[in-house]
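Take a look at the letters that make up each chain.
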Amino acid sequence: MLKVENLTKEFTMHIRGGVKIPSFRNISFQVQSGTMLAITGPSGIGKSSLLKCIYRTYLPTEGNIIYQTKEGEEVNLAQASDREMIQLRKSEIGYVSQFFHVLPRISAKEILMEPLLAKGVEEAEAKEQAEYLLNYVGLGKTLWEMYPSTFSGGEKQRLNIIHAIITKPRFLLLDEPTASLDKGYKGKVMELINQLKAEGTGMVGVFHDKDAIEVLSDVQFDLIAGDYVR
Amino acid sequence: MKNEKTALTLKHLVVKHGDGCELCNNDESVLERNRCPHCKTIWAARDVSLQVYQGEILGVVGESGSGKSTLMKSLYMDMEPTEGEYFLDCYEQGQKNIFELSMQQKKYVRNYLLGMVYQNPYLGLRMFFSSGANVAEKLIAAGNRNVANMMNQCNRLLSHMEVPVSRVKEPPRNFSGGMQQRVQIAKAIANHPPILFLDEVTTGLDLSVQAKVLDLVKKIQLEYGITMIVVSHDLAVIRMLADRTIVMLDGKIVEEGLTDQIMEDPQHIYTQTLVNSLL
């Protein structure tokens, strides 16, 4: 469902006299629906940048990112219009960022319900789903009405993940989703990700820990070599 | 993309203060920033084109003097543009250039279809009239005549904006800056305009009051699905509110994109400077 072709990202720092900082070069890979491709490589090699290029938080310098939509239409995310990207983000493509920043002054439960309500889900139904997921990852009732800015790192991360998967995106980008979780919660979160994958969601992930790669990924891609590992 | 409905289209807006001369009319490269060194004409807006889609919030950032307010004033018809075309989908199916309408038609568009919240509440409010009357002014302009009805509506709107009903009869000059701003917002949305312009609405307010005003803007956007253009030099405000953002400099749009892309991977030197100036 996703085909990355000769993707290159280079940052031009005009405020530093036009210095060019290369990230990755000529990367090509494919992701099938219902599978997870894990991107591996040392820190600073451009793994997160690659995810951001696909989500279009970064503008790719060269290459194509061909995404097949629900309707079977092919869209090149590297060149799609801003409005097209907004639509796809709302309806199909999810992203779990490494660092969670949320809107201030909105409770955890409201944050979760928002993407469902935006999709037209009934309020009662949205509430039920939000509460189910909050419970599932161990965010108890006392936290539901709290502002996530007061949460611990692990709590924020769990909220971040369920926020991305609550709408069941067709395609999901994950940047270190399990990094700040202890073992028990890591298992829960991995279960959720695997469930979503079993329902057909295609995924690209960046992970630090070997366990997560082992449990979650079907294919691994080494960013230095620019090739599949297996 | 399919099924995307525009709300507002602006094409090639030019606003000149001065007559221009042979030099600057033909070649904008002679300009020093946006000023012609020969005839001293200021080019406040240079070929600004944009489209806003229904229900969307478009952010506009740029430094002082970059043309943000010129753009807003032209859109709200507080300022006569030199050139340009302006279409609203909610007016004559977007077939008529708003800039070319008669005074009366423009008045209709302003009173029924647009709302404006100025940075300076003195521009948007009558400081010596009661707050209720300020909101009612907009209702009267839109043809309401039933006093009891209007009073009800004013009270409802103002309490929705967290202005206590007990103070509705007080003039805004008695209020704090944040409260004045909330009265302005109540007035601007009194007729449920499909399009709302917000020009630096939180500038000069302290943080907790800023938060209240921003929450309110978010709330009315969710409740009424109003299309908005939000001008701010505060990037945090833009990041919180806008899906897409345009960056202006010297009267021109120098960059436009998804708000997160503008913030994290800015392409233009000015945007890079701006984003890196964040504390």
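Residues numbered from 1 in each chain as written. Chains lettered and ligands numbered in written order. Predicted model: local features only at pLDDT ≥ 70, side-chain atom pairs only at ≥ 80, totals over all residues.

1. Overview of the confidence of the model for chain A
Keep this limit in mind: pLDDT gives the predictor's per-residue confidence on a scale running from 0 to 100. Helix and strand assignments come from DSSP, with helices taken as H or I runs of at least 4 residues and strands as E runs of at least 2, each series counted from the N terminus.
Looking at chain A as a whole, the pLDDT averages 92, with 99% of positions reaching at least 70. Element-level pLDDT for chain A is lowest in strand S10 (residues 227-228) of chain A, with a mean of 88, against a maximum mean of 97 in strand S4 (residues 62-68) of chain A.

2. Looking at the sheet that holds S4(A)
All names here are of chain A. Heads up, the rule is: Two strands make a pair as long as DSSP finds a minimum of two bridges between them. To obtain an axis, a line is fitted to C-alpha atoms, over the contacting stretch when the element is a helix, and the angle between two such axes runs from 0 to 180 degrees between their N-to-C directions. By the convention adopted here, residues are in contact when the distance between their C-beta atoms, placed from the backbone, does not exceed 7 Å.
Taking strand neighbours across the sheet as the criterion, the four strands line up as S2-S1-S4-S5 in an open arrangement whose pairing is antiparallel. Pairing within the sheet leaves two strands with one partner each, and these edge strands are strand S2 (19-31) and strand S5 (74-76). Strand-to-strand twist across the sheet, computed as the mean angle between neighbouring axes with direction ignored, equals 25 degrees. Of the strand pairs in this sheet, strand S1 (residues 2-13) and S4 are connected by five bridges, and their pairing is antiparallel. Counted as the bridge partner of Lys3 is Ile66 from S4. With respect to the sheet, helix H1 (residues 47-55) is in contact with S1, S2 and S4, its orientation differing from that of S2 by roughly 70 degrees.

3. Describing the interface of chain B and chain A
Operational definition: Following the grouping adopted for this structure description, the nonpolar residues are Ala, Val, Leu, Ile, Met, Phe, Trp, Tyr, Cys and Pro, the charged ones are Asp, Glu, Lys and Arg, and the polar ones are all others, Gly among them.
Contact residues are listed per partner, giving 19 residues for chain B and 16 residues for chain A. Residue assignment for the side of chain B that touches chain A shows that the elements contributing at least two residues are helix H8 (207-224), strand S9 (252-258), helix H10 (259-264) and helix H11 (269-276) of chain B. Ranked by residues supplied to the side of chain B that touches chain A, first place goes to H11(B) with four residues. When its residues are assigned to classes, the side of chain B that touches chain A shows six nonpolar, six polar and seven charged.

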